[in-house]
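Observations on the model geometry
What follows is each chain in one-letter form.
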Amino acid sequence: MVLSVLGCFLIIFLLWSIFTKTFCILTMGWCKSNTCLIGKTVIITGGTSGLGFQTALALAGRGARVIIGDVVDTKEAIQNIIEITQNTNVVGKFLDLSSLDSVRKFCDEINKDENRLDVLINNAGVGSLPNGYTKDGLQVQMEINYFGHFLLTHLLINLLKKNKSRIIFVSSIGAFLNNLTLENLNNPPIYSNEFKAIAKIYSNSKLCQIIASNIFAEKLKNTSITSNAVHPGIVCTPIFSNVLGTNYMKFAKQMFYLGLNIFGKTAQEGAQTQINCALAKELENVSGEYFVDCVPFYQPKLAKDKEFCRKIWEKTEELVKMKPEEKLMILVILRNLCRHCSLYTRERNRN
């Protein structure tokens, strides 16, 4: 009897696996753009493995100067990319997104050494860190996934606005499972269940990325910069290596990764949506969207609540200790003043 029930379960599981994987393959978005990126510069955070590596590989293959910002040694990844693409214009820089000082140092180097930035892909992320705080007083998973990228994007705006450029935030469908409030933005509630705590922080950080992308899009709508967020899909990468928490048995984690291998995308498949957002000519002027499988998707309810999003943005500015002159509002005002001054001078010279 037990063997019969187990056999039925295995058959149902197998049929469901085949159906799910087939559906995933049939609906999977794939970047078909052949855009040449020679002469253009791309920054990818967390580009040494997983989605980031595949994105760096694809963009280097199209001739871009690719800068990988990562907390781990980038030498092996860069060597592999160069060997595969024959593009030697690939470099690595140390970037620890759990440190605001490191983010500032990275951006200082980029602004000093680079004369242009065409694509910024905020890809790096973690999905399984236990609750804890960094020396900046920020929740560690939130700082790596969201706060660090928020500051980094602001500090690179002046370089981005020199050319027609794109900002891409790699979010997740997990954003729909959030419990984000202004109060728990940096102070997540304590749960007895470690898995629930990790999952909620991750989901909140991914919603924050969509919110940030939308507000960047709004504030930069009269510039040459676009900003979009993407969901790569359920991808089998090491990001979820400890998603079940540290106290769960090894067998459960093995089963979790078995499921990811059966149902999930490969890193190359998962990277297609952000690659498409970086390359597709038809998206040149598209901003403020959330893409899934290379097409626009509806957004979480809170991401469309403008007052809530404004408060999250302003609280984030405070938490990452942004200087007044670094805030995007000031930059936009200064740009508009310069534009008006230029128009006034031309008009006066005409008269």
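Residues numbered from 1 in each chain as written. Predicted model: local features only at pLDDT ≥ 70, side-chain atom pairs only at ≥ 80, totals over all residues. Heavy atoms only, no water.

Quick word on a nonpolar patch on the surface
Keep this limit in mind: In this scheme, patches are assembled from residues that exceed 30% relative accessible area and form no salt bridge. Like charges are connected within 9 Å, while nonpolar side chains (Val, Leu, Ile, Met, Phe, Trp, Tyr) are connected within 5 Å. The accessible surface values rely on the Shrake-Rupley method and a 1.4 Å probe; as for residues, cover is taken only from the protein chains in view. Take a side-chain nitrogen of Lys or Arg and a carboxyl oxygen of Asp or Glu: if they are within 4 Å of each other, that pair is a salt bridge. Numbering of helices and strands runs from the N terminus; a helix is a DSSP stretch of H or I covering at least four residues, while a strand is a stretch of E covering at least two.
Together, Phe176, Leu177, Phe297 and Tyr298 make up an exposed nonpolar region whose accessible area comes to about 410 Å². Mapped onto the secondary structure, Phe176 falls in the loop between strand 5 (165-170) and helix 7 (194-219).

Concerning the environment of Asp293
We apply this condition: A 3.5 Å cut-off defines polar contacts: any pair of N or O atoms within that distance qualifies, except that in protein one atom must be a possible hydrogen donor and the other a possible acceptor, and neighbouring residues in sequence count only when both atoms are side-chain atoms.
Of note, Asp293 is situated in the loop between strand 7 (290-292) and strand 8 (295-296). Between the alpha carbons of Asp293 and Gly29 there is a distance of 4.0 Å; along the sequence they are 264 residues apart. At 2.7 Å, the side chain of Asp293 forms a polar contact with the side chain of Lys265.

Thoughts on the sheet that holds strand 1 (residues 41-45)
How we decide: Should DSSP find at least two bridges between two strands, the strands are regarded as paired. Contact definition: two residues touch when any of their heavy atoms are within 4.5 Å. Axis angles are defined between N-to-C directions and span 0 to 180 degrees, where every axis is a line fitted to C-alpha atoms and, for a helix, only to the segment in contact.
The strand order 3-2-1-4-5-6-7-8 describes an open sheet built from 8 strands, whose pairing is mixed. Edge positions in the open sheet fall to strand 3 (90-94) and strand 8, since each of these has one partner strand only. Contacts between helix 10 (residues 272-279) and the sheet are confined to strand 4 (119-122), strand 5, strand 6 (225-231) and strand 7, with strand 5 contributing the most and set at about 165° to the helix.

Some remarks on the state of the cysteines
Let me state the cut-off plainly: We call a pair of cysteine sulfur atoms a disulfide whenever their separation is within 2.5 Å.
All told, the structure shown has 0 disulfides when counted by the stated rule. Residue Cys277 stays outside any disulfide, its sulfur separated by 7.2 Å from that of Cys294, the closest cysteine.

Side note on the packing of aromatic side chains
This is how the line gets drawn: The pairing test for Phe, Tyr and Trp rings, Trp by its six-membered ring, is centres within 6.5 Å, and the orientation test on the planes gives stacked under 30 degrees, edge-to-face over 60, and tilted for anything in between. Exposure is judged per residue with a 1.4 Å probe applied to protein chains only, and the accessible area is read against the type maximum: over 50% gives exposed, under 20% gives buried, and values in between give partly exposed.
Applying the stated criterion across every chain, the model contains 11 aromatic pairs. Between Tyr146 and Phe147 the ring centres are 5.1 Å apart and the planes differ by 45°, which places this aromatic pair in the tilted class. For Tyr146, a relative accessible area of 1% corresponds to the buried category. Accessibility expressed as a relative area gives 0% for Phe147, which makes it buried. Relative to Phe216, the ring of Phe150 lies with its centre 6.2 Å away and its plane at 50°, an arrangement referred to as tilted. Of this pair, Phe150 sits in helix 5 (residues 140-155) while Phe216 sits in helix 7, placing them 66 residues apart in sequence. The burial state of Phe150 is the same as that of Phe216; both residues are buried. Among the aromatic residues, ring-to-ring pairing joins Tyr146, Phe147, Phe150, Phe169, Phe216 and Trp313 into one connected group.

Brief notes about the packing of helix 7 against helix 11 (residues 306-319)
Put simply, the rule reads: Here the angle decides the label: under 35 degrees means roughly parallel, over 145 means roughly antiparallel, 65 to 115 means roughly perpendicular, and every other value means oblique. Residues are grouped as follows: nonpolar covers Ala, Val, Leu, Ile, Met, Phe, Trp, Tyr, Cys and Pro; charged covers Asp, Glu, Lys and Arg; every other residue, Gly included, is treated as polar.
Running from N to C, helix 7 and helix 11 point in directions that differ by 95°, and their axes come no closer than 10 Å. Relative to helix 11, the element helix 7 lies roughly perpendicular. Where helix 7 approaches helix 11, its residues Cys208, Ile211, Ala212, Ile215, Phe216 and Lys219 are matched on the opposing element by Phe308, Cys309, Arg310, Ile312 and Trp313. For the contact of helix 7 with helix 11, the class distribution of residues is 9 nonpolar, no polar and 2 charged.

Digging into helix 3 (residues 75-85)
Under the convention used in this document: Our arc is simply the arc of the directions from the helix axis toward the C-beta atoms.
Of all the positions in helix 3, only Ala77, Ile78, Ile81 and Thr85 are classed as buried. Down the axis of helix 3, the buried set is contained in an arc of 95°. They therefore lie on one face. Along helix 3, the residues that are exposed and aim more than 90 degrees away from the buried face are Lys75 and Glu76. Just past helix 3, the residue Gln86 takes up positive phi, approximately 65°.

Brief notes about the nonpolar core
Taken as a class, soluble globular proteins show a tendency for nonpolar side chains to be buried jointly. The following threshold applies: Buried Ala, Val, Leu, Ile, Met, Phe, Trp, Tyr and Cys residues form a nonpolar core when they are joined through side-chain atoms within 4.5 Å.
Within the largest apolar cluster, 54 residues are counted, with the highest numbers of intra-cluster contacts made by Tyr146 and Leu185. It is helix 5 that contributes the most residues to this core, 9 residues altogether. If near-sequence neighbours (up to four positions away) are discounted, Leu185 is found in contact with Met142, Tyr146, Phe147, Leu180, Cys208, Ile312, Lys315, Thr316 and Leu319. Counting 32 residues, the second-largest nonpolar core is a separate cluster that includes Leu51, Phe53, Val66 and Val170.

Overview of the pattern of salt bridges
Two side chains bearing opposite charge may form a pair once their charged atoms approach each other closely. One pass over the full model with this rule turns up 11 salt bridges. Glu326 is paired through a salt bridge with Arg104; the nearest N and O atoms lie 2.7 Å apart. Residue Glu326 is located in the loop between helix 11 and helix 12 (328-350), and its partner Arg104 is located in helix 4 (residues 100-113); the two are separated by 222 residues in the primary sequence. Exposure class is identical for Glu326 and Arg104. Each is buried. One salt bridge connects Glu314 with Arg310, and the closest N-O pair in it is separated by 2.9 Å. With Glu314 and Arg310 both in helix 11, this residue pair falls 4 residues apart, about one helical turn. On the accessibility criterion, Glu314 (40% relative accessible area) is partly exposed.

Regarding the pairing of strand 6
Cut-off, in case you're wondering: Crossover handedness is defined here as right-handed if the route from the first strand over the helix to the second strand goes clockwise, with the strands pointing away from the viewer.
Counting buried positions along strand 6 yields 7 of 7 residues, so the element is predominantly enclosed. Here strand 6 shows a buried face lined by Ile225, Ser227, Ala229 and His231 and a second buried face lined by Thr226, Asn228 and Val230. In terms of strand pairing, strand 5 meets strand 6 through 6 bridges, oriented parallel. Following the sheet pairing, Phe169 is matched in strand 6 by Ala229. One crossover worth recording links strand 5 to the parallel strand 6 by way of helix 7, and it is right-handed. Bridge analysis of strand 6 against strand 7 gives 3 bridges, and the strand direction is parallel. Note that in strand 7 the partner of Val230 across the bridge is Phe291.

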